[in-house]
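Spelled out from the first residue to the last, the chains are:
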Amino acid sequence: YLQELSQEDLKSGLYKENHLGDLLGKTGIEAEYESVLRGINGKVLEVVDSMGRKREEIERKNPLHGQNIWLTLDFDIQREAEKLLEGKEGAAVVLDAKTGEVLALACYPTFDPNKFINRFSPEEWLSLVNNPDFPLENRAVRGLYSPGSLFKLTMALAALDSNTISEKTAFYCNGTVQIYGHPFSCWFRAGHGSMDLSNGIKNSCNIYFYNLGRRIGIDQIVKYASLLGFGRKTGIDLPGEKDGLVPSPEWKKRTRNLSWYPGETISVSIGQGPLLVTPLQVALHTALIANRGVRGVPHLVKSDLGSAQKSENGNSQDEIPTIQIKRTAFEKVIEGMWHSVNDGGTGRAARIDGFDICGKTGSTQLVSAETAEKLSKERKETKTHSWFTGFAPRDNPQVVVTFLVEFGGMGGQTAAPLARKIFDLYRKKYD
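Residues numbered from 1 in each chain as written. Predicted model: local features only at pLDDT ≥ 70, side-chain atom pairs only at ≥ 80, totals over all residues. Heavy atoms only, no water.

Caption draft 1: A look at the confidence of the model for the chain. When the pLDDT values of the chain are averaged, the result is 89; 92% of them are 70 or greater. Long-range and interchain partners of residues 306-319, a stretch whose pLDDT sits below 50, account for 22 contacts in this model, where long-range means more than four residues apart. (pLDDT = per-residue confidence, 0-100. Contact = heavy atoms within 4.5 Å.)

Spelled out as structure tokens, the structure:
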């Protein structure tokens, strides 16, 4: 939004060319491109008489208009994403799979940015900053969440690329497994039976990925998670983006002065524990998979200005290389994502005939399994955060759609149907 320059802003020394009352970009695109949009003030130096009447013009400097910028947002898709989130708490990100252009970036609850142009009362301001739903927070780039089962895509790529497994490696799921002397449960208590990689992704089988975590180890998990974009900013042209967190033994020792326990690796392997991501990071991760390892930078300005803009981490689009992971690993993971949506998997609610959507659901557990079981016995509801991320079509990816709904329940029940509506709108407009 825009806001009037204050006395405090002037005292900071950052706005030497401005005056009290000037409107400046304070956040979002308005802040990121303030120097481009603002232009340069004009000036007239005149001689006047004692009555203030002009007698002579000594110098004139005409003002220079700021540049126009064009956003990448698709108005129809942005409007639909906002409509789908209304009444919920969450975020939606829609990217052009090839270019990284942001077609939609929506959050809810939200606020009216026009209110910031004029000064409003302390009561109005406090009603925003003290709102427990945090309407001022841009959840898409600043909201930190456990990725849940979305992280299984990272695990699968790590296991295949490191030759820890092949796509035919199978593990048996009977609903629970003992690892390091502790029981770990699958979300499907009856068990999935024998699972290979494709079926493990399709059915989001926890037992399969617990076993991968035990085989890969935390150091390799950290390596591949970082390689695939987690734990650092995406470089989007918006201020305030957060890094997220990929936990490691070194991180735990440094921040908590505690040792890493093997059981923590098992939790991280299904996207739980201290692992934190933003919805935008998830969308970019999905685009990277869709493009078989080619990484882009998400951006909101559609011009050379946007692509040349340096990100906060110092990388421009041209400087970021292709990820060095075997293409065959991406193809095997994409196969599992396709089956998840089109073959009765957890993402089937996102399916559209003829559009070949590939996707993955996630449900982020907010309490321990023991607490959840106790609350269930007390007939108290324990809702998870609901995730879906995917792209389409499979062989010529055009669009990436990511939804997060806080306390939405299972990803396949809440987030996947929302994503389907965006895919459907995109297909009708462009495919």
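Caption draft 2: Summary view of the sheet that holds strand β5 (residues 90-96). With antiparallel pairing, five strands are arranged side by side in an open sheet as β6-β5-β13-β12-β11. Bordering the open sheet on either side are β6 (102-108) and β11 (358-364), each of which pairs with just one other strand. The mean inter-strand angle of the sheet, taken between neighbouring strand axes irrespective of direction, is 5 degrees. Pairing between β5 and β6: six bridges, direction antiparallel. (Pairing = 2+ DSSP bridges. Helix = DSSP H or I, 4+ residues; strand = E, 2+ residues; numbered from the N terminus. Axes fitted to C-alpha atoms, helices over the stretch in contact; angles between N-to-C directions.)

Caption draft 3: Structural view of the nonpolar core. Y208 and L212 are the most contacted members of the largest nonpolar core, which has 77 residues in total. When sequence neighbours within four positions are dropped, the list of residues in contact with Y208 reads I165, T169, F171, M195, D196, L197 and G200. Counting 27 residues, the second largest nonpolar core, distinct from the first, contains L84, A92, A350 and I352. (Core = buried A, V, L, I, M, F, W, Y, C linked by side-chain atoms within 4.5 Å. Buried < 20%, exposed > 50% of the residue type's maximum accessible area, 1.4 Å probe, protein only.)

Caption draft 4: Up close: unusual backbone geometry. With an omega dihedral of 0 degrees, the bond running from Y108 to P109 counts as a cis peptide bond. Within the secondary structure layout, P109 lies in the loop between β6 and α5 (122-129). In this model, A392 is joined to P393 through a cis peptide bond whose omega is -15 degrees. Structurally, P393 is set in the loop between β12 (385-392) and β13 (399-405). The backbone phi angle of F134 is positive, close to 50 degrees, even though this residue is not glycine. Unlike most non-glycine residues, R292 shows phi in positive territory, near 55 degrees. With respect to the secondary-structure elements, R292 resides in the loop between α13 (279-290) and α14 (304-308).

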